[in-house]
Amino acid sequence: MITTVTLNASIDKAYHMTKKIENGTVMRVAKTHNSAGGKGLNVARVAKICGADTKATGLVGGYNGEYLESLLEADRIFHEFEHIKGETRSCINILDPEYGSTEYLEAGCEVTPEEEKSFLKNFPEIIKNSDVVTISGSVPNGMGKDIYQKMIQMVKSLGKKVILDTSGEYLKKGIEGLPTMVKPNQDEIEALFHTKVNNRTDVVEYAKKIYEKGIPYVVISLGGDGALLVCEKGIYQGKPPKMKVVNTVGCGDSMVGAFAVGLERNMEPEDALKYAVAVASANALSPYTGTFRPENRDEIIKNIEIIKL
Ligand code: TA6
């Protein structure tokens, strides 16, 4: 089973526009699509489409929280959330012909120390039947900076694998918990090392620095160039074929979902990389966030190039 953790869940609202955005004007939205969002819920949806037994947990609250749970039920994703007093946030993704995707991410509601304590108390029971736990996204105000480090240590103490996908201080502290896998992108690498990444060689060097801290799998998402994987077997790049993308939001989360499936199925690293890049690329062909058509994945995977660096 794969359990995904989303502390800062979101009603993701995708606005499909027929004209480019013009600030200061009234813009009519051609089509709106609402989905259960926040990175971990995109991960849950993708893992489920991959055929994994999946559970979603984290924090939800208010009317938005109830609506989010109903969206998950429509996606037939089992969930077991801690219910908090605050209102679950919304995140807007505006898709227009000129700029592609522009995201507006709300910070999320305040979480009290009592709510954090209650979630952590229930967490071991929630994940007891999981083989892999994914921890994704931003953290609501009010929660400890070491929340992810604490959760990673709890997951590992129960003998389970854990993937961390976050940024900033939470990534820095989460890495100290030594998760099984982390998946920063280039921006997150730059923030982590207070540096500028100028080329692929730099990316490899920084990924190796993270690996050498004791993290068995370090994945760096490279957008249209796929992803880099540093592991005991070596350093690989998984490269997808060039394609006309529709909506890239959720590609990173889709990659995490597919790697969680790869870890659960004990795939060889290069096979897991190939699978994850194919799923992330298939997500980019969907107008909807954190979902893909299996037939697209199965077609793309035939054309993924695995390069040993
Ligand atoms: O990666 C895409 C996405 O998960 C969107 O669906 C939106 O929910 C946003 O990221 C949330 O990001 P955050 O870092 O705030 O958890």
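These numbers come from a predicted model, not from an experiment. (Residues numbered from 1 in each chain as written. Predicted model: local features only at pLDDT ≥ 70, side-chain atom pairs only at ≥ 80, totals over all residues. Heavy atoms only, no water.)

K.L.:
Outline the overall build of the chain, listing residues and values.
P.N.:
Scanning the chain from N- to C-terminus turns up ten helices and 14 strands. Taking 2.2 N^0.38 as the reference for a compact globule, 309 residues should give roughly 19 Å; the C-alpha atoms of the chain span a radius of gyration of 18 Å, in line with that estimate. Across its three principal directions, the C-alpha atoms of the chain cover 50 × 50 × 40 Å. Of all 309 residues assigned to the chain, the portion counted as buried reaches 53%. Intrachain contacts of the chain at a sequence separation of at least 6 include 67% that bridge at least 24 residues. When the accessible area of the chain is evaluated, it comes to approximately 13,700 Å², of which 49% is carbon and sulfur surface. Side-chain charges in the chain split into 38 positive and 41 negative, and the spacing between the mean points of these groups amounts to 2 Å. (Helix = DSSP H or I, 4+ residues; strand = E, 2+ residues; numbered from the N terminus. Rg over C-alpha atoms; globule rule 2.2 N^0.38 Å. Buried < 20%, exposed > 50% of the residue type's maximum accessible area, 1.4 Å probe, protein only. Contact = heavy atoms within 4.5 Å. Areas by Shrake-Rupley, 256 points an atom, 1.4 Å probe, with all protein chains shown as cover. Lys, Arg positive; Asp, Glu negative; His and termini not counted. Charge placed at Lys NZ, Arg CZ, Asp CG, Glu CD.)

K.L.:
I'd like a rundown of the pairing of strand β6 (residues 89-96), residues and numbers included.
P.N.:
Regular strands place their side chains on alternate faces of the sheet. Among the eight residues in β6, eight count as buried, and that is most of the element. By the alternation rule, side chains of β6 split into Arg89, Cys91, Asn93 and Leu95 and Ser90, Ile92, Ile94 and Asp96, which are all buried. In the sheet, strand β2 (residues 10-16) pairs with β6 via seven bridges, with the strands oriented parallel. Note that in β6 the partner of tyrosine 15 across the bridge is isoleucine 94. Bridge analysis of β6 against strand β7 (residues 100-105) gives six bridges, and the strand direction is antiparallel. The partner of aspartate 96 across the bridge, within β7, is glycine 100. As consecutive antiparallel partners, β6 and β7 are separated by three residues. (Pairing = 2+ DSSP bridges.)

K.L.:
Outline the layout of surface pockets, listing residues and values.
P.N.:
Empty space within the largest pocket amounts to approximately 940 Å³. Taken together, 40 residues form the lining of the largest pocket, with Thr248, Val249, Gly250, Cys251 and Gly252 sitting closest to its centre. Residue assignment for the lining of the largest pocket shows that the elements contributing at least two residues are α1 (39-49), β6, β7, α8 (251-264) and α9 (269-284). Tallied by class, the residues present in the lining of the largest pocket amount to twelve nonpolar, 19 polar and nine charged. The volume enclosed by the second largest pocket comes to roughly 190 Å³. His16, Met17, Leu95, Asp96, Pro97, Gly100, Ser101, Val245, Val246, Asn247 and Thr248 are the residues that line the second largest pocket. (1 Å grid on protein atoms, 1.4 Å probe; cavity = no way out; pocket = protein on both sides within 12 Å on 5 of 7 lines; lining within 4 Å. Points joined across faces, edges and corners; volume = space filled by probe spheres on them. Nonpolar A, V, L, I, M, F, W, Y, C, P; charged D, E, K, R; others polar.)

K.L.:
Provide a residue-level description of the nonpolar core, including the pertinent values.
P.N.:
Within the largest apolar cluster, 41 residues are counted, with the highest numbers of intra-cluster contacts made by Leu7, Ile135, Ile147, Tyr148 and Met151. Contacts of isoleucine 135, omitting those with residues within four sequence positions, involve Val5, Tyr148, Met151, Ile152, Val162, Ile163, Leu164 and Asp165. By size, the runner-up hydrophobic cluster in this structure holds 33 residues, among which are Ile2, Ala52, Phe259 and Val277. (Core = buried A, V, L, I, M, F, W, Y, C linked by side-chain atoms within 4.5 Å.)

K.L.:
I'd like to hear about unusual backbone geometry, residue by residue, with values.
P.N.:
Located in the positive-phi region is leucine 178, a residue other than glycine, with phi close to 55 degrees. Turning to its location among the elements, leucine 178 is positioned in the loop between α5 (168-176) and β10 (181-182). Positioned with a positive phi, histidine 194 is a non-glycine residue whose angle comes to about 50 degrees. On the secondary structure map, histidine 194 appears in the loop between α6 (186-193) and α7 (200-211). Under the relative-accessibility criterion, histidine 194 is labelled exposed at 70%.

K.L.:
Now, about the site of the ligand: what can you tell me, with residues and values included?
P.N.:
The environment of the ligand is made up of 13 residues, and the closest members are Asp12, Gly38, Lys39, Ser138 and Asp253. In this structure, an oxygen atom belonging to the ligand sits 2.3 Å away from a side-chain N or O atom of aspartate 12. Within the side chain of arginine 89, a nitrogen or oxygen atom sits 3.0 Å from an oxygen atom of the ligand. Bound to the protein, the ligand loses 90% of the 400 Å² it would expose on its own. Judged by the proximity of its atoms to the pocket grid, the ligand belongs to the largest pocket. Counting only elements with at least two residues in the shell around the ligand, the list comes to α1 and β7. (Near = heavy atom within 4 Å. Polar contact = N/O pair within 3.5 Å; in protein donor to acceptor, adjacent residues only side chain to side chain. Sits in = over half its atoms within 2 Å of the grid points.)

K.L.:
Would you mind going over helix α4 (residues 147-157) in detail, with residue names and values included?
P.N.:
Among the residues making up α4, those that are buried are Ile147, Tyr148, Gln149, Met151, Ile152 and Val155. In this fold, the buried residues of α4 make contact with β1 (2-6), α3 (113-126), β8 (132-136), β9 (161-165) and α5. Note on α4: the residue one or two positions beyond its end, glycine 159, has a positive phi of about 75 degrees.

Interpretation note: all reported values are geometric properties and have no functional meaning in isolation.
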